[in-house]
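# A closer look at the structure
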There are 2 protein chains.
Amino acid sequence: MKHVTVYDIAREANVSVATVSRVLNNTAPVKKETRERITALIDKHQFQPNALARSLIRKETGMIGFILPDITNPFFPEVLASFDRETRKLGYTCFLCDTVSSDEETERQYARESQYLGILMEKQVDGIVMIGGRLDLSKPDAALVREVEEVAKRVPVLMINGNLPNTKIHRVAVDQRLGAELAAQHLIDLGHRDIAVIGGFVHMSNTQQRIQGFRTAMRNNGLEVRKEWMVQGGFSVNKGLEFAEQVLNLPDRPTAIMCMNDLVAIGALKAADRAGLAVPAELSIVGYDDIPFASFSIPELTTVSLMANEIGRLAAEMLHKLIAGKKVPSLHSVVPELRVRQTTAPLQK
Amino acid sequence: MKHVTVYDIAREANVSVATVSRVLNNTAPVKKETRERITALIDKHQFQPNALARSLIRKETGMIGFILPDITNPFFPEVLASFDRETRKLGYTCFLCDTVSSDEETERQYARESQYLGILMEKQVDGIVMIGGRLDLSKPDAALVREVEEVAKRVPVLMINGNLPNTKIHRVAVDQRLGAELAAQHLIDLGHRDIAVIGGFVHMSNTQQRIQGFRTAMRNNGLEVRKEWMVQGGFSVNKGLEFAEQVLNLPDRPTAIMCMNDLVAIGALKAADRAGLAVPAELSIVGYDDIPFASFSIPELTTVSLMANEIGRLAAEMLHKLIAGKKVPSLHSVVPELRVRQTTAPLQK
DNA sequence: CACTATAATGTAATCGGTTTCATCTCTTAC
DNA sequence: GTAAGAGATGAAACCGATTACATTATAGTG
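Residues numbered from 1 in each chain as written. Chains lettered and ligands numbered in written order. Predicted model: local features only at pLDDT ≥ 70, side-chain atom pairs only at ≥ 80, totals over all residues. Heavy atoms only, no water.

Take the domain arrangement of chain A next. Residues and elements named next belong to chain A. Split by domain assignment, chain A resolves into domain 1 (6–49), domain 2 (61–174 + 308–336) and domain 3 (176–306). Spacing between the C-alpha centres of domain 2 and domain 3 amounts to 29 Å. Taken together, the contact between domain 2 and domain 3 spans 14 residues of the former and 16 residues of the latter. Together, Ser138, Val174 and Pro336 form the three largest contributors to the area buried by domain 2 at its contact with domain 3, with a combined 44%. Our enumeration of links across domain 2 and domain 3 arrives at 0 salt bridges. Taken together, the links from domain 2 to domain 3 amount to 4 residue pairs in polar contact (both at pLDDT 80 or more). Of all elements in the fold, only helix H5 (75–89) and helix H12 (308–323) reach the threshold of two or more residues within the side of domain 2 that touches domain 3. (Domains from an automatic or database assignment. Contact = heavy atoms within 4.5 Å. Buried area = accessible area lost by both parts, 1.4 Å probe. Salt bridge = Lys/Arg side-chain N within 4 Å of Asp/Glu carboxyl O. Polar contact = N/O pair within 3.5 Å; in protein donor to acceptor, adjacent residues only side chain to side chain. Helix = DSSP H or I, 4+ residues; strand = E, 2+ residues; numbered from the N terminus.)

Laid out in structure tokens, this is it:
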């Protein structure tokens, strides 16, 4: 029951290990007869070369580390899937590095990201992708950034969507500002002037950027941003429900709500339902992210796509180039798309 | 910029590599002074031992392969996350092995599972978890089963939820039959007698088992199963919509619909909406799976939990025991729970 | 003080492959 | 007939750790 090795094969085939290795990798001509003898033995013993030993000398492992904050958030599987699909064509396998677990305090998150970087380095991965988490804050963790830069010197690192202004780390990112601007402009085009913005965390860069985009659109149209209609502090359905109820209970209520993500938008849908407001007839709602569920809700959610597939695909493409030692631009920007569905409608006078 | 090794550290510290290894692993006493000299150098060079080399000789890699059919299906991230959470406490890292991509034909799926088994063996993972896919069919792929059994001889393998009657492979699985029975009984208790069952694939074991559970409940209550109300053939929202419309358009329409998963149930909700039927007042709907979104829909979906967290946790526990060489029961059955929410109500006469 | 147990360290084998270099045989060309 | 080039193979070094075994220094004991 012992594991069979090249030596076992070599001995039984009456050749040297070098020859076995040659048929394994097609790296040099081997006499047809010898090759057949060897492959027969390989089949017979179901021999599989030990990837550890191979990687040790080849200095490439075919492994890529994918660090993400929470696999349970439907956005991440989406980009991971598309990344993995591309990446596996070239023979890579991904390590999943999930940095938060819902049941743990956030303060351990940094340690987790840092810890994973260490593990991935030890395991000699060929490349690392990082998305979200501590690097997505409006003030990204300086120590972590420094660490990532240090890691990037030794192995190709690709950031997705992070907020890293003064750094040489390669990135692919959607233009969040533009996405929010598109959403806001859409509402404005429908005649809305009283627009609330709910959800998100002001200390997170994505929220900040989206709010900036919103403000830009408002300014471009000469509209005023009312601060009692800006309610931030969470990304969940329940928070969305809470925030939406808050703005809908104001004496002066908005006619449209722009949500910082789809979960919040779903919460807002709930709030509208509870308040007896018809969507989109009496209240327009737009989400952000275009999670798979966005097109399943009733009514179907108008939202801004995070371009998960495109991001994953591009990330794979860039990382492979980096691994191959090719030059790549340090930032690849992806243009978001507005998905107009059923939760937005022209303002009714 | 060359990678530093134990030899570099040893040379610079004027000791042998053995001593360096000792401080690295705390495997034998080292003079305090020497230890400090070495750790200082380790810090200085940010030395990290090469896990490949270590694993090669230790014969353990701290890597676990997790084979699943589609990370985009929200159930899988859920169990993966809880599995990973447990497993990482013990120093393991998971390979993600996603066997299908939406854009590829199903016939390549078996090759993918088989291919991943090969890759994982080569990479010398300490254990493998398999969930769904080709092993979840009512007639599981015999060749694959044989292959899995072969693999299981060399490395601990744990199945989640598969359908493997005559095999010694260790499994943790929810009792699907019981879950469906709970759901059906719930509807019956509410006074429903005319119950449709939509969604699923009859060639998949989970669908088969759930339908069995449904029949059991009906039989126990002396109710009749009407075959025009049994519509199978898909697991998606759109299919659910289609199937629900089909049964709702029958001259003799059911008062409750039991769906083979939550996506189908969401489709059914849509169908009810289009047909102008109030849920749950005029139509009760129950789903299956309890995906995260189930509690976000409006109204919130009554459904059967797949116990993703519990499954993941248990799988981790069992696999660790297997890796440690301990005896474990070959099947650990998990009892499903009915989550009663807002889409079911007493039958209105 | 001699003797033994333990601490501290070094030497070299080992894990299982790949790869360089050397050797030998066999064509093919001139 | 011999030199050159390609084909086929083997011996041994190597990747970077761990560890069995050997050796020396130190401490403790009677």
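Attention now moves to the relation of the copies chain A and chain B. The two copies are related by a screw motion: chain A maps onto chain B through a turn of 180° and a shift of 0.0 Å along the axis, at an RMSD of 0.1 Å. Between the two chains, the operation in question is that of a two-fold axis. In terms of proximity to the rotation axis, the leading residue of chain A is Phe95 of chain A, whose C-alpha is 2.3 Å off the axis. Most of the interface of chain A is mirrored in chain B: 100% of its interface residues are interface residues there too. (Least-squares fit on C-alpha atoms with pLDDT ≥ 70 in both.)

Right, let's get into the protein's contact with DNA strand D. Lining the immediate surroundings of DNA strand D are 29 residues, of which Arg22 of chain A together with Thr5, Val6, Ser21 and Asn50 of chain B lie closest. For DNA strand D, the fraction of atoms within 4 Å of the protein that belong to sugar or phosphate moieties is 63%. A distance of 2.7 Å separates a phosphate oxygen of DNA strand D from a polar atom in the side chain of Thr34 of chain A. Separating a phosphate oxygen of DNA strand D from a side-chain N or O atom of Lys59 of chain A is a distance of 3.0 Å. Looking at the surface near DNA strand D, the elements that each hand over two or more residues are helix H2 (17–25) and helix H4 (51–58) of chain A together with helix H1 (6–13), helix H2 (17–25) and helix H4 (51–58) of chain B. In terms of residue count, H4 of chain B provides more of the surface near DNA strand D than any other element does, 5 residues in total. Split into classes, the residues belonging to the surface near DNA strand D amount to 14 nonpolar, 9 polar and 6 charged. (Near = heavy atom within 4 Å. Nonpolar A, V, L, I, M, F, W, Y, C, P; charged D, E, K, R; others polar.)

Take the packing of aromatic side chains next. Residues and elements named next belong to chain A. Following the criterion strictly, the structure yields 8 aromatic pairs over all chains and no others. With a centroid separation of 5.2 Å and an interplanar angle of 65°, the aromatic rings of Phe66 and Phe83 are classed as edge-to-face. Here Phe66 is found in strand E1 (residues 63–68), whereas its partner Phe83 is found in helix H5, with 17 residues between them in sequence. Neither Phe66 nor Phe83 differs from the other in exposure class; each is buried. (Phe/Tyr/Trp six-rings, centres within 6.5 Å; stacked < 30°, edge-to-face > 60°. Buried < 20%, exposed > 50% of the residue type's maximum accessible area, 1.4 Å probe, protein only.)

Residue and element names in this part refer to chain B. Covered by surrounding structure in strand E8 (residues 256–259) are Ala256 and Met258 together with Ile257 and Cys259, the residues of both alternating faces. Here 4 bridges tie strand E6 (residues 195–198) to E8, and the two strands are oriented parallel to one another. Bridging from a neighbouring strand, Ile198 pairs with Cys259 of E8. Across 3 bridges, E8 lies against strand E9 (residues 284–286) in parallel orientation. (Pairing = 2+ DSSP bridges.)

By nearness alone, 29 residues border DNA strand C, and Val6 and Ser21 of chain A together with Ser16, Arg22 and Thr34 of chain B come closest of all. Of everything in DNA strand C that lies within 4 Å of the protein, sugar and phosphate atoms constitute 61%. Residue Thr19 of chain B places a side-chain N or O atom 2.9 Å away from a phosphate oxygen belonging to DNA strand C. In the model, a phosphate oxygen of DNA strand C is placed 2.8 Å from a nitrogen or oxygen of the Lys31 of chain B main chain. Contributions of two or more residues to the surface near DNA strand C are made by helix H1 (6–13), H2 and H4 of chain A together with H2 and H4 of chain B. Here the surface near DNA strand C takes 5 residues from H4 of chain A, the largest share from any one element. Looking at the surface near DNA strand C residue by residue, the classes come out as 15 nonpolar, 8 polar and 6 charged.

Along the chain, Pro49 of chain B turns up in the loop between helix H3 (32–45) and H4. Residues contacting Pro49 of chain B, with those up to four places away along its chain left out, are Glu122 of chain A together with Leu24 and Arg54 of chain B.

A common way to state how big an interface is: give the accessible area lost once the parts meet. Taken together, the contact pairs 57 residues of chain A with 58 residues of chain B. Counting the surface lost from both chain A and chain B, the interface buries some 5100 Å², and carbon and sulfur atoms represent 59% of this. In terms of surface lost to chain B, no three residues of chain A exceed Leu52, Arg88 and Ile298 of chain A, which account for 13% of the buried area on that side. Counting the contacts that link chain A with chain B gives 2 salt bridges. The closest approach of N and O atoms between Glu300 of chain A and Lys270 of chain B, which form a salt bridge, is 2.9 Å. Our count for the chain A to chain B interface comes out at 16 residue pairs in polar contact (both at pLDDT 80 or more). Counting only elements with at least two residues in the side of chain A that touches chain B, the list comes to H4, H5, strand E2 (93–98), helix H6 (109–122), helix H7 (142–154) and helix H11 (262–275) of chain A. For the side of chain A that touches chain B, the element with the highest residue contribution is H5 of chain A, accounting for 7 residues. When its residues are assigned to classes, the side of chain A that touches chain B shows 24 nonpolar, 16 polar and 17 charged. Bridging between E2 of chain A and strand E2 (residues 93–98) of chain B involves 3 bridges; their strand directions are antiparallel.

Glancing now at the sheet that holds strand E11 (residues 331–334) of chain B. One open sheet holds the 12 strands; their spatial order is E11(A)-E5(A)-E4(A)-E3(A)-E1(A)-E2(A)-E2(B)-E1(B)-E3(B)-E4(B)-E5(B)-E11(B), and the pairing between them is mixed. Taken across any chain shown, the strands that pair with only one partner, and hence form the sheet edges, are strand E11 (331–334) of chain A together with E11 of chain B. Going from strand to strand, the sheet's axes swing by 20° on average, the running direction of each strand aside. (Axes fitted to C-alpha atoms, helices over the stretch in contact; angles between N-to-C directions.)

A few words now on the sheet that holds strand E8 (residues 256–259) of chain A. Residue and element names in this part refer to chain A. Taken in spatial order, the 4 strands make up an open sheet running E7-E6-E8-E9, and their pairing is parallel. Two strands bound the open sheet, and with one partner strand each, they are strand E7 (230–231) and strand E9 (284–286). Of the strands in this sheet, strand E6 (195–198), E8 and E9 touch helix H8 (residues 176–189), which is tilted by about 170° from E8. Packed on one face of the sheet, helix H10 (residues 237–248) meets E6, E7 and E8 and runs near 150° to E6.

Turning our eyes to something else, we now look at the pattern of salt bridges. All told, the structure shown has 36 salt bridges over all chains when counted by the stated rule. Salt bridges here are not isolated pairs; linked through shared partners, they connect Asp290, Glu337, Arg339 and Arg341 of chain A.

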